[in-house]
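Reading the structure
Each chain, letter by letter, is given below.
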2 protein chains.
Amino acid sequence: MHNSSAPLIGKKYTVRCSACRVRGWGLCEPIHDDELDVVERFKAGDKVLEAGQDLFREGEPSRELYTVLEGWMFLYKLLEDGRRQIAKIVLPGDFVGFQPDLEALLDHSAQALTDVRLCVFPRDNFLELNRAHPELAIRLTCLVAHDVEMSRDRLTSVGRRSARERVAHFLLGLFYRVRLRHQEPRGASIPMPLTQEHIGDALGLTSVHVNRTLRNLRDEGLIEIANRRLHILDPDRLADAAGFDEDSLGRT
Amino acid sequence: MHNSSAPLIGKKYTVRCSACRVRGWGLCEPIHDDELDVVERFKAGDKVLEAGQDLFREGEPSRELYTVLEGWMFLYKLLEDGRRQIAKIVLPGDFVGFQPDLEALLDHSAQALTDVRLCVFPRDNFLELNRAHPELAIRLTCLVAHDVEMSRDRLTSVGRRSARERVAHFLLGLFYRVRLRHQEPRGASIPMPLTQEHIGDALGLTSVHVNRTLRNLRDEGLIEIANRRLHILDPDRLADAAGFDEDSLGRT
DNA sequence: CGTATCATTGACGTCGGTCAATTCGTGTGG
DNA sequence: CCACACGAATTGACCGACGTCAATGATACG
């Protein structure tokens with residue numbers, strides 16, 4: 001199991017903030033270049049995870065906070081009997097692990113979809129750092145507030161849209177989100193490390209029904225999934241199928 | 001239409017922060033008593049809304065931020081064809097209207113369930129206020145982060161729980177949330193201004209199915225709804241029906 | 001009283017779930 | 001290079017939870 005590009009496992013260096021791949025996206029975006037060393041001194045190092053591994057699990061105490069540098073993850077919750085809800089697909093630049101009470105136990109889990117490299121912040125004194133750097137605090141608030149928006153969007157899909165609309169909406173949203181973030185070639189396709197089961201667990205569907213829905217969309221020439229990549233063949237008609245609201249494409 | 005207690009409409013005075021009913025709950029909780037006048041000078045006044053009125057609507061520019069002082073509201077999103085998803089039940093002490101980009105258009109609407117009194121903050125310079133008061137900024141972050149938790153909880157319900165589990169979970173969660181907040185008599189009942197349609201729109205169900213589900217729970221002696229009040233008759237068995245996770249009762 | 005809103009209930013339909021078999025794809029060992 | 005293993009994708013047959021439609025009550029309010 002490894003990323004599409006170069007494997008991460010084994011590379012043991014620590015990313016310098018000044019050369020950080022997500023300099024423009026992560027928590028540190030509003031931090032002045034010449035203040036960056038304050039954050040860098042605070043940073044506890046990098047962490048590398050293989051695809052399929054959990055970064056943390058619901059019920060554990062929170063020890064660290066993370067910015068994803070490379071690779072994809074997802075956040076999820078489990079019910080007692082094993083039913084799973086995936087709450088968020090995490091892309092490079094996303095900040096994970098924050099919760100209202102940093103002393104409390106974690107209320108959700110996080111798992112790597114691909115091999116992943118993370119920037120690690122110690123939990124202790126994290127609020128101090130924010131107090132000392134109001135810009136950081138405000139940026140954090142905005143990141144979290146954006147999570148609320150995405151989460152309510154998803155809730156609206158799962159609560160009120162048909163399976164077809166949900167899948168179309170999800171794929172299109174993911175597509176735009178990835179395209180905004182990756183400086184990658186601007187083709188009409190993105191990497192697709194999610195299985196149909198992942199998609200189902202994100203949308204409140206079974207993988208079987210996701211499969212049928214994807215086949216419909218494929219048969220109609222709207223999308224294509226091959227080689228672990230998602231191709232958007234007809235964005236307009238896909239947006240129709242999604243009942244997509246173009247406004248909701250803010251800075252994700 | 002009016003609140004269970006005294007009607008709000010017509011009372012035109014402005015609540016003093018020092019006598020604020022939600023002093024211990026709202027955004028200002030961490031603000032020192034002797035600093036409170038800074039916030040008070042920032043406050044733009046009170047606003048009163050009748051039950052059923054919208055405070056703001058999706059797509060409008062954001063002008064103000066609010067703390068609910070009295071009464072209940074809900075946040076919701078509409079699809080083009082009118083389907084509605086209720087994202088949050090808003091109680092006194094809750095802060096509403098914040099979004100990642102304060103310049104952007106609102107991505108959701110807010111409506112009063114009962115008559116409501118709000119504390120109004122101007123949107124402009126709100127971030128300045130936060131910059132000047134790091135405690136406020138951090139408190140805001142925590143409030144927003146708590147919204148994420150609640151939203152993901154709801155998502156998990158809607159995505160992965162049966163109608164029965166959803167309804168039981170929702171009622172129990174609301175019950176605890178209200179009880180934590182109101183200094184009210186600690187009986188086993190709370191006010192219930194929500195219609196069955198509201199409950200359905202919050203849980204991704206139709207009002208008809210909510211009705212049937214409520215009847216089941218009532219027939220089994222778990223709950224009772226009468227006189228616009230919800231009575232929890234058997235919290236333990238209701239928690240069973242919900243597959244309720246007792247951990248998730250943090251400081252809501 | 002008349003009207004409006006909400007709750008309730010029955011008959012019936014369907015979207016999406018369940019179960020299970022088959023195929024595909026990719027990585028592994030011989 | 002081939003045989004095999006294992007997870008994921010695919011497909012069909014069937015089913016049931018929840019939605020739709022529509023009628024009837026119950027309450028509240030002007």
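One structure accompanies this document, and this report is about it. Model, not experiment: these values are computed from the prediction. (Residues numbered from 1 in each chain as written. Chains lettered and ligands numbered in written order. Predicted model: local features only at pLDDT ≥ 70, side-chain atom pairs only at ≥ 80, totals over all residues. Heavy atoms only, no water.)

With that settled, consider the overall build of chain A. Scanning chain A from terminus to terminus reveals seven helices and eleven strands. Against the compact-globule benchmark of 18 Å for 252 residues, chain A has a radius of gyration of 18 Å, which places it among compact chains. By principal-axis analysis of the C-alpha atoms, chain A measures approximately 55 × 40 × 35 Å. For chain A, the share of sequence-separated contacts (at least 6 apart) that also reach a separation of at least 24 residues comes to 72%. Accessible area of chain A: about 11,000 Å², with a carbon and sulfur share of 49%. Positive and negative side-chain charges of chain A, numbering 35 and 39 respectively, have mean locations separated by a distance of 3 Å. (Helix = DSSP H or I, 4+ residues; strand = E, 2+ residues; numbered from the N terminus. Rg over C-alpha atoms; globule rule 2.2 N^0.38 Å. Contact = heavy atoms within 4.5 Å. Areas by Shrake-Rupley, 256 points an atom, 1.4 Å probe, with all protein chains shown as cover. Lys, Arg positive; Asp, Glu negative; His and termini not counted. Charge placed at Lys NZ, Arg CZ, Asp CG, Glu CD.)

Moving on, we come to helix α7 (residues 235–242) of chain B. Residues and elements named next belong to chain B. Regarding α7, the residues found buried are L238, A239, A241 and A242. For α7, the angular spread of buried residues about the axis comes to 160°, placing them on one side. Exposed residues lying more than 90 degrees from the buried face of α7 are D236 and D240. In this fold, the buried residues of α7 make contact with α4 (163–181), α6 (207–219), β10 (223–226) and β11 (229–232). Once α7 finishes, G243 follows within two positions and takes phi at roughly 60°, a positive value. (Buried < 20%, exposed > 50% of the residue type's maximum accessible area, 1.4 Å probe, protein only. Arc of directions from axis to C-beta.)

Once that is clear, we can look at the sheet that holds strand β8 (residues 116–122) of chain A. Residue and element names in this part refer to chain A. Spatially, the four strands line up as an open sheet ordered β1-β8-β3-β6, and their pairing is antiparallel. Strands at the two margins of the open sheet, each flanked by one partner only, are β1 (45–49) and β6 (95–96). Examined bridge by bridge, strand β3 (residues 64–70) and β8 share six bridges and lie antiparallel to one another. Counterpart to E70 in the pairing with β8 is R117. (Pairing = 2+ DSSP bridges.)

Next up on the list: the sheet that holds strand β10 (residues 223–226) of chain A. Residue and element names in this part refer to chain A. In spatial order, the strands read β9-β11-β10; together these three strands make up an open sheet with antiparallel pairing. Of all the strands in the sheet, just β9 (189–191) and β10 have a single pairing partner and so form its edges. Taken pair by pair, the neighbouring strands of this sheet meet at an average axis angle of 20°, ignoring direction. Pairing of β9 with strand β11 (residues 229–232), which is carried by three bridges, proceeds in the antiparallel orientation. (Axes fitted to C-alpha atoms, helices over the stretch in contact; angles between N-to-C directions.)

As a further point, take the interface of chain B and chain A. In many analyses, interface size is given as the accessible surface area lost on bringing the parts together. At the junction of the two partners, chain B supplies 50 residues and chain A supplies 50 residues. Three residues stand out in chain B for area buried against chain A, namely R152(B), L155(B) and R160(B), and they jointly supply 19% of the buried area on that side. Our count for the contact surface shared by chain B and chain A stands at ten salt bridges. With a shortest N-O distance of 2.9 Å, R83(B) and E165(A) are connected by a salt bridge. Where chain B touches chain A, the interface holds 20 residue pairs in polar contact (both at pLDDT 80 or more). Breaking the side of chain B that touches chain A down by element, the ones donating at least two residues are β4 (73–78), β5 (84–90), α2 (126–132), α3 (134–160) and α5 (196–203) of chain B. At 22 residues, α3(B) tops the list of elements feeding residues into the side of chain B that touches chain A. Its residues assigned to classes, the side of chain B that touches chain A shows 18 nonpolar, 13 polar and 19 charged. (Buried area = accessible area lost by both parts, 1.4 Å probe. Salt bridge = Lys/Arg side-chain N within 4 Å of Asp/Glu carboxyl O. Polar contact = N/O pair within 3.5 Å; in protein donor to acceptor, adjacent residues only side chain to side chain. Nonpolar A, V, L, I, M, F, W, Y, C, P; charged D, E, K, R; others polar.)

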